[in-house]
Amino acid sequence: MEQFTGKVWVLGDDIDTDIIIPTEYLALPTVEDMKQYGFSPLRPELASQIQEGDIIVAGKNFGCGSSREQAPEIIKALKVKCVIAKSYARIFFRNSINNGLLLIENDEIQDVVKEGDTITVKMGESIDFNGKSYSITSLPDNLMDIINAGGLVKAMQKKNGII
C-alpha cells in the first residue's frame, strides 16, 4: 500500500477552473509558463508557496466551471501530490485522471485541518491526521493505472509497448 505525507493548503468551496488558471494566462506557450499564475485570483502568492508533495484540501464542487484541461495540468505542474475535496465537478475529475493528477473525495478532513498542517494519505484506505483516520474509497484499478503512469497518453503508450 502506497502512502505519502504532505503539507496542507486549504481552499474553500466552488474553486472553479478560472481560479485555478485564469483565462488571460491560457495564451502563454506552456503549462510551465502558466503555473506561476495558478490560483492567482484567489491568492496571488499561493503558486509560489506550494512545494513539491504538498496537498490541496478543498470543499465541495472543486474544478467547476469551464472544462479547460490546463486546470489539472497547472496543479500537477506545481507538484501537488493530490487534491482532497468534498466533491469535484465531473469534467474536472476526468481531466485530472487523464493528466495523472490524483483526486481523493472525503467530506470530513476539510473541517478539521488548518493550513500548514501535515496529513498522511494511505492510498485506498485513509487520511490520517492528529491520531485519527478518515476513511477514503479506492479509485478503480484502471484509473489508478492511468494516474500511476502519469496520465492517459502515457498509460496507453505503456500498454501498447511504445515506452
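Everything numeric here is computed off the predicted structure, so don't read it as measured data.

Cut-off values and rules
Residues numbered from 1 in each chain as written. Predicted model: local features only at pLDDT ≥ 70, side-chain atom pairs only at ≥ 80, totals over all residues. Heavy atoms only, no water. Helix = DSSP H or I, 4+ residues; strand = E, 2+ residues; numbered from the N terminus. Buried < 20%, exposed > 50% of the residue type's maximum accessible area, 1.4 Å probe, protein only. Axes fitted to C-alpha atoms, helices over the stretch in contact; angles between N-to-C directions. Parallel < 35°, antiparallel > 145°, perpendicular 65-115°, else oblique. Contact = heavy atoms within 4.5 Å. Nonpolar A, V, L, I, M, F, W, Y, C, P; charged D, E, K, R; others polar. Polar contact = N/O pair within 3.5 Å; in protein donor to acceptor, adjacent residues only side chain to side chain. Salt bridge = Lys/Arg side-chain N within 4 Å of Asp/Glu carboxyl O. Core = buried A, V, L, I, M, F, W, Y, C linked by side-chain atoms within 4.5 Å.

### Description of unusual backbone geometry
Positive phi, normally seen in glycine, also occurs at Phe 39, with a value near 65°. If you trace the backbone, Phe 39 turns up in the loop between α2 (31–34) and α3 (46–49). The exposure class assigned to Phe 39 is buried, which follows from its relative accessible area of 0%. For Asn 61, which is not glycine, the phi dihedral falls at a positive 65°. Relative to the helices and strands, Asn 61 is located in the loop between β2 (55–58) and α4 (70–77).

### Notes on the packing of helix α6 (residues 141–149) against helix α7 (residues 152–159)
Running from N to C, α6 and α7 cross one another at 100°; their axes reach a closest spacing of 7 Å. By the criterion of interaxial angle, the relationship of α6 to α7 is roughly perpendicular. Only Leu 152, Lys 154 and Ala 155 of α7 make contact with α6, whose side of the interface consists of Asp 145, Ile 146 and Ala 149. Here the contact of α6 with α7 is built from residues that sort into four nonpolar, no polar and two charged.

### Describing the side chain of Arg 43
Examined against the element boundaries, Arg 43 turns out to sit in the loop between α2 and α3. Accessibility expressed as a relative area gives 17% for Arg 43, which makes it buried. In terms of polar contacts, Arg 43 uses its side chain to reach the side chain of Glu 115, at 2.6 Å. In contact with Arg 43, not counting residues within four places along its chain, are Trp 9, Val 10, Leu 11 and Glu 115.

### Some details on the pattern of salt bridges
Per the counting criterion, the structure on display carries nine salt bridges. The partner of Lys 86 in a salt bridge is Asp 111, with the nearest N and O atoms 3.4 Å apart. Here the residue Lys 86 occupies a position in the loop between β3 (82–85) and α5 (90–98), and Asp 111 occupies one in the loop between β4 (102–105) and β5 (118–122), the gap between them amounting to 25 residues. Assessed through its relative accessible area of 29%, Lys 86 is described here as partly exposed. Given a relative accessible area of 57%, Asp 111 falls into the exposed group. In this structure, a network of salt bridges that share partners links the residues Arg 43, Glu 45 and Glu 115.

### Remarks on the nonpolar core
Counting 27 residues, the largest nonpolar core has Phe 39, Phe 62, Ile 75 and Phe 92 as the members making the most contacts within it. With three residues, α4 is the single largest residue contributor to this core. With residues near it in sequence (within four places) discarded, Phe 92 still touches Thr 17, Ile 20, Phe 62, Gly 63, Ala 71, Pro 72, Ile 75 and Leu 103. Core analysis: the next-biggest nonpolar cluster, separate from the first, contains 24 residues, Ile 55, Val 57, Ile 104 and Met 144 among them.

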